[in-house]
Amino acid sequence: MTDDAPAPETKAAPASNWLTGARAGYLALGVSVVALGLAAAPYFTGGENVRAYLLKHPEVLQEASQALQEKGEQARVDETNQAAAANAALLKPDPRDPSFGPADAKVTVIEFFDFRCPGCKAVAHDYRALMAAHPEVRFVFKDWPILDRGEDVTSQYAARAALAAHQQGKYLEVYDALMTERALSIEAIDRILAEHGVDMTRAKAAVASPETTRHIADIHTTAAALRLQGTPTFLINGKASSSIDPAEVGKMIEAAKR
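Caption draft 1: A look at the side chain of H220. Mapped onto the secondary structure, H220 falls in helix 10 (residues 210-225). Of note is the side chain of H220, whose polar atom sits 3.1 Å from the side chain of W144.

Structural data, given as structure tokens:
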């Protein structure tokens, strides 16, 4: 996962003021392995001086830092899986979500994402190829806007616009275009909708509707209950992937089929 989620709001803002109510904050994690190692090293005895060894072999610290990061990531995945098992009802089909593939599919893949998330954009093309390669799998899109800051509400608007396009049967083409657009803005989002034949009058009404506000609020609530840390997050039959790589998601799909 590449982008951290802020503390979720449990109550949806009224549709009339969703623009001013969209706020988020980053979750920061600091690791001081190098400083700690160099500070403590002189107090160790026996064999080669530890401090001198670490200075001579800094790759050891890199390996330790990477191992610590991987351990932390696995802990987050385990936490999400435990939360998913305890809140299985939250992963049941929601008719409001854009979903593609058989309703009775043996395998269901759910993606929580933000249209401005760099990681989401980086894997979007390969993820769509994964969908094409597995027509027997159900793919569910959870539009989870978490990257807005201050007065910037582009992520929120993109999610609402995509859901408006879904109401007109044009979700995937709009999804692809929004993921391809390098610098999203509200103007660019409107242009993309119009270019793909979305009725803008209907779309604008859907963007501002209380129903869309509730839908996105419910996605935030679900993400919070699942202890999700950022986007993109993929769940395959209720199990979180530790990697955002679609190839790894594909391996989990194959394992779930068996």
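Caption draft 2: Region of interest: the environment of D245. Summarising the element assignment, D245 is placed in the loop between strand 7 (239-240) and helix 11 (246-257). In this structure the C-alpha to C-alpha distance between D245 and Y127, which are 118 residues apart in sequence, comes to 8.5 Å.

Caption draft 3: Layout of the nonpolar core. Among the nonpolar cores identified, the biggest contains 55 residues, and V109, F112, F115, Y127, Y175 and I253 are the most heavily contacted of them. If one sorts the elements of this core by residue count, helix 7 (residues 171-180) sits on top with seven residues. Aside from chain neighbours lying at most four places away, what touches F112 is K142, W144, I219, T222, A223, L226, L228, T231, P232, T233 and L235.

Caption draft 4: Spotlight on the pairing of strand 3 (residues 108-113). Burial within strand 3 is extensive, with five of its six residues counted as buried. Sheet topology note: the strand 3/strand 4 (residues 138-143) ladder contains six bridges and is parallel. Looking across to strand 4, one finds that E111 is bridged to F141. On the question of chirality, the crossover connecting strand 3 to the parallel strand 4 by way of helix 5 (residues 118-133) is right-handed. Of the strand pairs in this sheet, strand 3 and strand 6 (residues 233-236) are connected by four bridges, and their pairing is antiparallel. When the bridges of strand 6 are listed, V109 appears paired with I236.

Cut-offs used in this document
- Residues numbered from 1 in each chain as written.
- Predicted model: local features only at pLDDT ≥ 70, side-chain atom pairs only at ≥ 80, totals over all residues.
- Heavy atoms only, no water.
- Helix = DSSP H or I, 4+ residues; strand = E, 2+ residues; numbered from the N terminus.
- Polar contact = N/O pair within 3.5 Å; in protein donor to acceptor, adjacent residues only side chain to side chain.
- Core = buried A, V, L, I, M, F, W, Y, C linked by side-chain atoms within 4.5 Å.
- Buried < 20%, exposed > 50% of the residue type's maximum accessible area, 1.4 Å probe, protein only.
- Contact = heavy atoms within 4.5 Å.
- Pairing = 2+ DSSP bridges.
- Right-handed = clockwise from strand over helix to strand, strands pointing away.

Limitation: the analysis is restricted to geometry and does not speak to function.
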